[in-house]
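# Descriptive analysis of the structure
Next come the chains, spelled out residue by residue.
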Amino acid sequence: VTGDKLDGSLAVKATGGDGALNYLMTGAPSGVSIEAVTGVISGIIATDADLLSPYNVSITVDDSDEVSTDAVTTTFNWTVTSNQLPSVAITIPIENATFITPVDIKIDATASDTDGTVAKVEFFQGTTKLGEDLDGSNGWSFAWNNVPPSTYSLTAIATDDKGTATTSAAVNITVLNPPSPVI
């Protein structure tokens, strides 16, 4: 995925030869390289690397005996995709819900990311941040306590593990004062 950082867990391993092995990689996505002595592939995949995908990558391993005919090359296709935005929707409360004070309102949302994970969901009333949920272990939610009477427009923003964010559709709610007693 564009912008991914390769952490060194991707490597080419070779054995044999008459001397120290040397690794050479050609055709890799921009921002990616191979360490010539260890074969570790690292770097950060360029943010526009998906535009030229797929890549026909060749890795050649040669020993240091100066005989080029004993080098071994393998090729493969490397497909790079762009980061997909997460999705998010408020499920509770429902559109046009009405509450009577005093009231605490639990806001629930669903959030997912097709090519990674959701890192957090933030909850807003208009442009005011009410709070956030950083783990979603019990669903993505926030408890908005002591909500005063008014009309509100609630949204949720899901941010994925790559830092991209999506805002939910707004859910409009109303909080009313309790009715006056009838005398």
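For the structure itself, consult the block above.
Numbering of residues begins from 1 in every chain and follows the order in which that chain's sequence is written. For a predicted model such as this one, the threshold for reporting local features is a pLDDT of at least 70, and the threshold for listing and counting side-chain atom pairs is 80 or more; totals across whole chains, interfaces and linings nevertheless cover every residue. The side-chain numbers reported here are obtained from all heavy atoms of the structure, hydrogens and water having been left aside.

## Brief notes about the environment of Val88
Relative to the assigned elements, Val88 resides in strand E7 (residues 87–92). For the pair formed by Val88 and Gly16, sequence separation is 72 residues and the distance between their alpha carbons is 52 Å. Ignoring anything within four residues of it in the chain, the contact list for Val88 reads Ala109, Thr110, Ala111, Val121, Ala156, Ala158, Thr166, Thr167 and Ser168. Under the DSSP-based scheme used, a helix requires at least four consecutive residues in state H or I and a strand at least two consecutive residues in state E, with every element numbered from the N terminus. Between two residues, a contact is recorded if the distance between any of their heavy atoms is within 4.5 Å.

## Topic: the pattern of salt bridges
Here, a salt bridge means any Lys or Arg side-chain nitrogen found within 4 Å of an Asp or Glu carboxyl oxygen. Counted under the stated rule, the structure contains 5 salt bridges. A salt bridge links Glu122 to Lys129; the nearest nitrogen and oxygen atoms lie 3.0 Å apart. Note that Asp161 and Lys162 form a salt bridge whose closest N and O atoms lie 3.6 Å from each other. For Asp161, a relative accessible area of 40% translates into the label partly exposed. Here the salt bridges share partners, and the residues they tie into one network are Lys120, Glu122, Lys129 and Glu132. Any residue under 20% of the maximum accessible area for its type is buried, any over 50% is exposed, and the rest in between are partly exposed; the area is computed with a 1.4 Å probe on protein chains only.

## Observations regarding the sheet that holds strand E3 (residues 32–34)
At least two DSSP bridges between two strands are required for those strands to pair. Strand order across the open sheet formed by 3 strands is E1-E4-E3, with antiparallel pairing between neighbours. With partners counted over all chains shown, the strands left at the sheet margins are strand E1 (5–11) and E3, one partner each. With strand direction ignored, the average angle separating the axes of adjacent strands in the sheet is 15°. Strand direction decides the pairing type here: E1 and strand E4 (residues 40–44), joined by 5 bridges, are antiparallel. In the strand pairing of E4, Lys5 is matched with Ile44. Angular values range over 0 to 180 degrees, each being the angle between N-to-C directions of two axes fitted as lines to C-alpha atoms, with helices fitted over their stretch in contact.

## Notes on unusual backbone geometry
Here the amide bond leading from Ser53 into Pro54 is cis, since omega sits at 5°, within 30 degrees of zero. Following Thr101, the chain continues to Pro102 via a peptide bond in cis, the omega torsion being -5°. Looking at the secondary structure, you find Pro102 in the loop between strand E8 (97–100) and strand E9 (105–112). The backbone phi angle of Asn96 is positive, close to 65°, even though this residue is not glycine. Tracing the backbone shows Asn96 in the loop between E7 and E8. Look at Asn96 and you get exposed, because its relative accessible area is 58%.

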